[in-house]
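Topology and contacts: notes
Below are the chains, spelled out letter by letter.
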Amino acid sequence: MPENTPAQRVCRHCDGFPVVHITTGTTPGGQRRTLAATCPACKGTGTRTTPAALARTGK
């Protein structure tokens, strides 16, 4: 019987994908250059850090 795990609060800005890699091109040797971009709202955790009620009021 599987255990019930509490649902995690997913960041509504990144929808649970906190870090993405953006391709900026290739080097003359054929390697790809990428930049990592993290979600500014959750700071790369993927979960909501403030309760929804506080996020709506801005306090």
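All values derive from a computational prediction rather than experimental measurement.

Considerations on the overall build of the chain
Each helix and strand counted, the chain has 1 helix and 2 strands in total. In the chain, which comprises 59 residues, the proportion classed as buried is 12%. Partitioning the contacts of the chain with sequence separation of at least 6, the portion at a separation of at least 24 is 45%.

A short note on the confidence of the model for the chain
Per-residue confidence for the chain gives a mean pLDDT of 79; residues scoring 70 or more make up 73%. At the level of individual helices and strands, the chain shows its lowest average pLDDT in helix α1 (residues 52-57), which scores 56, and its highest in strand β2 (residues 32-38), which scores 92.

Section: the environment of V10
For V10, the position within the fold is in the segment before β1 (19-26). Between the alpha carbons of V10 and R48 there is a distance of 5.5 Å; along the sequence they are 38 residues apart. Once residues within four sequence positions are removed from consideration, V10 is found in contact with D15, G16, G46, T47 and R48.

Reading guide: rules and limits
Residues numbered from 1 in each chain as written. Predicted model: local features only at pLDDT ≥ 70, side-chain atom pairs only at ≥ 80, totals over all residues. Heavy atoms only, no water. Helix = DSSP H or I, 4+ residues; strand = E, 2+ residues; numbered from the N terminus. Buried < 20%, exposed > 50% of the residue type's maximum accessible area, 1.4 Å probe, protein only. Contact = heavy atoms within 4.5 Å. pLDDT = per-residue confidence, 0-100.

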